[in-house]
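# Per-entry structural report
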Amino acid sequence: MRDLRPANVIDLRNTQDSGAGADLFPLTVEDLTYQAGGTVLIKGIDLTLGAGGVTVIMGPNGAGKSLLLRLLHGLLEPSGGWIAWGGQPLDDAIRRRQAMVFQRAVMLRRSVAANIDFVLRLRGRADPARRREILEHAGLADRAEQPARLLSGGEQQRLALARALATEPDVLFMDEPTSNLDPASTLVIEDITKAARDRGTKIVFITHDMGQARRLADDVVFMHRGKVLEHSPAAAFFNQPASAEAGDYMAGKIIL
Ligand SMILES: Nc1ncnc2c1ncn2[C@@H]1O[C@H](COP(=O)(O)OP(=O)(O)OP(=O)(O)O)[C@@H](O)[C@H]1O
Ligand SMILES: [Mg+2]
């Protein structure tokens, strides 16, 4: 399997000038497949995502949610099918306009401030006022000089999100970013995410937390066994999911 490095840390473009990424949409996925170790793990996915808002991806463990996110971001190469961002194939320029936050925060072994300065410098905007603004937004201004590794899990995740947003991405992928966090830290991450959405960043967010999905989702993609079983507006999905599997999943039943 080819596992490419995240591209957001080498973003040099000022993407906010381009109409907050509207040219990247619709995102169209056609007959996307991914296989590893002789097993087909993503099985012919067709999906269209519009600009803006929060798309929540749900589904049981092993459904293929993380794989799909990594394929969309270009961290994995599809085995077959197409991914087109506004009609364009995924390339480095598009990838640099996207950022990703993982379940476990990835920190530079340096200070909190240095973690932010690193991405600001790559964007040519490393100034202390901007860094302070970003850290204040993340509730970490008073921790700036502390080693990032000494932050708690929730604080590290806030820093990871702040750092991802410092690249001013047009698309932000989030893979269960709050699954290890307490309710208060979870809400802080959600607030920061919603603020980014309100600025026009497209959010694609994986969660198992039903309350969180209801709070954040504009539309819901439900996956099972490497397939997308449905893609519905949030109100429709939570009111009456189209697939029996999604209904069972939300009712807390084991689905096979
Ligand atoms: N490199 C790999 N080789 C073989 N199988 C893999 C590989 N990567 C993932 N898988 C399998 O693909 C399936 C989908 O994995 P994925 O991580 O996308 O699931 P998920 O929906 O994110 O689940 P979870 O909710 O547990 O995070 C799983 O059964 C996983 O074991
Ligand atoms: Mg996963």
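Above this text you will find the structure in question.
Residues numbered from 1 in each chain as written. Chains lettered and ligands numbered in written order. Predicted model: local features only at pLDDT ≥ 70, side-chain atom pairs only at ≥ 80, totals over all residues. Heavy atoms only, no water.

Turning our attention to the sheet that holds strand 8 (residues 202-206). Strands sit in the order 6-7-8-3-9-10 across an open sheet of six strands; the sheet is mixed. At either margin of the open sheet sits one strand with a lone partner, and together these are strand 6 (98-101) and strand 10 (227-233). Adjacent strand axes in the sheet meet at a mean angle of 15°, parallel and antiparallel pairs treated alike. Alignment of strand 9 (residues 219-224) against strand 10, held across six bridges, turns out to be antiparallel. Across the sheet, residue V221 finds its bridge partner in strand 10, namely H231. Against the sheet, helix 5 (residues 153-166) engages strand 6 and strand 7 (171-175), with an angle of about 175° to strand 6. (Pairing = 2+ DSSP bridges. Helix = DSSP H or I, 4+ residues; strand = E, 2+ residues; numbered from the N terminus. Axes fitted to C-alpha atoms, helices over the stretch in contact; angles between N-to-C directions. Contact = heavy atoms within 4.5 Å.)

What follows deals with helix 4 (residues 128-137). Taken as a whole, helix 4 has its buried residues at R130, R131, I134 and L135. Taken end-on, helix 4 shows its buried residues confined to a sector of 130°, consistent with a single buried face. In helix 4, the exposed positions angled more than 90 degrees off the buried face are occupied by P128 and A129. Where helix 4 is buried, its residues touch helix 3 (112-122) and helix 5. At the exit of helix 4 stands G139, carrying a positive phi of roughly 70°. (Buried < 20%, exposed > 50% of the residue type's maximum accessible area, 1.4 Å probe, protein only. Arc of directions from axis to C-beta.)

Considering all chains together, one arrives at five aromatic pairs under this definition. Aromatic side chains F25 and W85 sit 5.8 Å apart centroid to centroid with 80° between the ring planes, which places their arrangement in the edge-to-face category. Of this pair, F25 sits in the segment before strand 1 (27-36) while W85 sits in strand 4 (residues 80-85), and the two are 60 residues apart along the sequence. Among the residues examined, W85 registers a relative accessible area of 1% and is labelled buried. For the pair W85 and F173, a centre-to-centre distance of 6.3 Å together with 75° between the ring planes defines the contact as edge-to-face. Here F173 lies in strand 7 and W85 lies in strand 4, a separation of 88 residues in the sequence. Among the aromatic residues, those joined into a cluster by ring pairs are F222, F237, F238 and Y249. (Phe/Tyr/Trp six-rings, centres within 6.5 Å; stacked < 30°, edge-to-face > 60°.)

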